[in-house]
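Coordinate inspection notes
What follows is each chain in one-letter form.
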Amino acid sequence: MKDVISVLDFSKDEILQLFELTDKFLSGGFRPSLEGKIVATAFFEPSTRTALSFTSAALSAGAKVLGFSSDEATSVSKGENLADTIRMLENYADCIVMRHKLDGSAKFAAEVAKKPVINAGDGKREHPTQALIDMYTVRKLFGTLEGLTFGFLGDLRYARTVNSMLRILTLFKPKIVYLISPPQLRARAEILEELNYPVKELTDVKDVVGELDVLYVTRIQRERFLDEDEYEKVKESYRLDYRTVERMRKESAILHPLPRVSEIDRRIDSMPQAKYFLEASYAVPLRSVLLHEVMAGD
Ligand code: CP
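Residues numbered from 1 in each chain as written. Predicted model: local features only at pLDDT ≥ 70, side-chain atom pairs only at ≥ 80, totals over all residues. Heavy atoms only, no water.

Let's talk about the pattern of salt bridges
Applicable threshold: For salt bridges, the criterion is a side-chain nitrogen of Lys or Arg within 4 Å of an Asp or Glu carboxyl oxygen. Secondary structure elements are taken from DSSP: a helix is a run of H or I of four residues or more, a strand is a run of E of two residues or more, and numbering for both begins at the N terminus. Only protein chains enter the accessibility calculation, which uses a 1.4 Å probe; a residue is then buried when its area is under 20% of its type maximum, exposed when over 50%, and partly exposed in between.
This structure, assessed with the given rule, holds 21 salt bridges. Here E45 ties to R160 by a salt bridge, and the two come within 3.3 Å at their closest N and O atoms. Residue E45 is located in the loop between β1 (38-43) and α2 (49-60), and its partner R160 is located in helix α6 (residues 160-168); the two are separated by 115 residues in the primary sequence. The exposure classification of E45 matches that of R160, with both residues buried. Through salt bridges that share partners, D23, R139 and K140 make up one connected network.

Quick notes on the site of the ligand
Condition: Any residue with a heavy atom lying within 4 Å of a molecule or strand is counted as near it. Nitrogen and oxygen atoms within 3.5 Å of one another constitute a polar contact, given that in protein one can donate a hydrogen and the other can accept it, and given that sequence-neighbouring residues count only through two side-chain atoms. Every accessible area reported is derived by Shrake-Rupley at a probe size of 1.4 Å, with residue values counting cover from the shown protein chains alone. Buried and open spaces are told apart on a 1 Å grid over the protein atoms alone, a cavity being a set of points where a 1.4 Å probe fits but cannot get out and a pocket being an open set with protein on both sides within 12 Å along at least five of seven lines. Residues with an atom within 4 Å of a point are the lining residues. A cavity or pocket is said to hold a molecule if more than half of that molecule's atoms lie within 2 Å of its grid points. Under the scheme applied, nonpolar residues are Ala, Val, Leu, Ile, Met, Phe, Trp, Tyr, Cys and Pro; charged residues are Asp, Glu, Lys and Arg; polar residues are all the others, including Gly.
Every residue lining the ligand is accounted for by S47, T48, R49, T50, R99, H127, Q130, P257 and L258. Taking T50, its side chain carries an N or O atom lying 2.6 Å from an oxygen atom of the ligand. Between the ligand and the protein, one listed contact pairs an oxygen atom with a side-chain N or O atom of R99 at 2.9 Å. When the ligand is considered free in solution it has 250 Å² of accessible area, and contact with the protein chains removes 91% of it. In this structure, the ligand is accommodated by the largest pocket. When the residues that make up the shell around the ligand are grouped by side-chain class, the tally is two nonpolar, five polar and two charged.

Points about the packing of aromatic side chains
Operational definition: Geometry of aromatic contacts follows a simple scheme: Phe, Tyr and Trp rings, the Trp one being its six-membered ring, pair when their centres are within 6.5 Å, and the pair is stacked under 30 degrees between planes, edge-to-face over 60, tilted otherwise.
In this structure the tally under the stated criterion is eight aromatic pairs. Ring centres of F19 and Y136 lie 5.4 Å apart, and the angle between their planes is 70°; on these two criteria the pair is classed as edge-to-face. Highlighted residues: F19 in helix α1 (residues 12-26) and Y136 in helix α5 (residues 128-142), separated in sequence by 117 residues. Y136 matches F19 in its accessibility class, with the two residues each being buried. Residues F44 and F68 carry aromatic rings whose centres are separated by 5.1 Å and whose planes lie at 80° to one another, so their mutual orientation is edge-to-face. With F44 in the loop between β1 and α2 and F68 in strand β2 (residues 64-68), this pair connects stretches of sequence that are 24 residues apart. Among the aromatic residues, those joined into a cluster by ring pairs are F19, Y136 and Y282.

Quick look at the packing of α1 against α5
Worth spelling out the cut-off: Axis angles are defined between N-to-C directions and span 0 to 180 degrees, where every axis is a line fitted to C-alpha atoms and, for a helix, only to the segment in contact. When an angle is under 35 degrees it counts as roughly parallel; over 145 it counts as roughly antiparallel; between 65 and 115 it counts as roughly perpendicular; any other value is oblique. Only heavy atoms matter for contacts: two residues are in contact if any of them lie within 4.5 Å across the pair.
Where α1 contacts α5, the axes come no closer than 11 Å and their chain directions differ by 70°. With respect to α5, the element α1 is oriented roughly perpendicular. Side by side, α1 and α5 meet where I15, L18, F19, E20, T22, D23 and L26 of the first sit next to L132, M135, Y136, R139 and K140 of the second. Grouping the amino acids of the contact of α1 with α5 by side-chain chemistry returns seven nonpolar, one polar and four charged.

Re the environment of D265
Relative to the helices and strands, D265 resides in the loop between β9 (253-255) and α10 (276-281). Sequence separation between D265 and V245 is 20 residues; the distance between their C-alpha atoms is 10.0 Å. Leave out the neighbours within four places in its chain, and D265 touches R239, L240, D241, Y242 and R260.

What about the nonpolar core?
Applied cut-off: Put simply, a nonpolar core is a bunch of buried Ala, Val, Leu, Ile, Met, Phe, Trp, Tyr and Cys residues held in one set by side-chain atoms that sit within 4.5 Å of each other.
Of all hydrophobic cores here, the largest spans 56 residues; its most connected members are F19, I118, F150, F152, L166 and L291. Among the elements that take part in this core, helix α11 (residues 283-295) stands out by supplying seven residues, more than any other. With residues near it in sequence (within four places) discarded, L291 still touches L34, V39, F54, A57, A58, C95, V97 and I118. Residues Y158, I180, Y238 and L240 belong to the second largest nonpolar core, which totals 28 residues.

Structural notes on the pairing of β2
Put simply, the rule is: Strands are treated as partners if at least two bridges between them are detected by DSSP.
Here β1 pairs with β2 via five bridges, running parallel. Counterpart to I38 in the pairing with β2 is K64.

Considerations on unusual backbone geometry
Look at the link from L258 to P259: it is a cis peptide, with omega at 10°. Considering the arrangement of structural elements, one finds P259 in the loop between β9 and α10. We note that L258 has phi near 65°; this positive angle belongs to a residue other than glycine. Mapped onto the elements, L258 comes out in the loop between β9 and α10.

Overview of the sheet that holds strand β8 (residues 214-217)
Across the sheet, which stays open at both edges, the five strands sit in the order β7-β6-β5-β8-β9 with parallel pairing between neighbours. Because the sheet does not close on itself, it has two edges, and the strands there are β7 (199-202) and β9. On average, each strand axis in the sheet is inclined to that of its neighbour by 20°, with strand direction left out of account. Taken together, the four bridges between strand β6 (residues 176-180) and β7 define a ladder with parallel strand orientation. Each bridged residue has a counterpart across the sheet, and for Y178 the counterpart in β7 is K200. α6 contacts β5 (149-153), β6 and β8 of the sheet and is inclined by roughly 160° relative to β5.

Right, here's the structure in full:
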């Protein structure tokens, strides 16, 4: 049993084993089994993909699922604190999948709970299972995770999926990572300090688009802005357009954790580089295998 708070809770070998098991699951050679288990999905923030794919993963492996999708429907709305809520949830389930707006809330929950906690997104900090899906997609497309050229386009200040990706890449030696954003949305210094590979910051994706293996796009994380005026200033500061994608190599890949708002022109969806819906399709198999691994031997 283990908690999943950060991508760096896994070694490189553990990540590759998880991916191999996911391959086996997809080819019919492995079937995660969660018979007799109960998974709690505690979503204090909105979600479509993460909440429902964890639910689908758990149900298809034979587990039962209970949970909530907003703190309004829980006694948090009456003033109950997170620690007490977590103490209750672990009476009802064998594993807690939690999303919360506060940075560090998943680590805190894991310290309170004896049962495993899986971080489904904590504030602007991390979204480790999304990065596992993203890297699984990269490995499927390129046959390797090493030596690739990545571009991250968008809100690099607040996007927790980007933090998890930048951290997981410290295990896989990318050739170079381009961080492409308006100046107000640059990656935070505490993340940049952790990186052990070449990084270059720039503002226009067109300057590097022909070099990229992977272009990872994120929406502006409006819900993280403390000041709505600051959001208004940057809300239309970047958009991936059709003409820019025409300059990408055909075998390169555009990823996006979704939801998309307006940062990728919808006409790009039918271009060969658009892999974000394929990426999303790996969520259930990977999360099934992850739940199995987290609860195996319990
Ligand atoms: N990718 C992702 O976390 O999507 P949701 O917010 O819909 O869960």
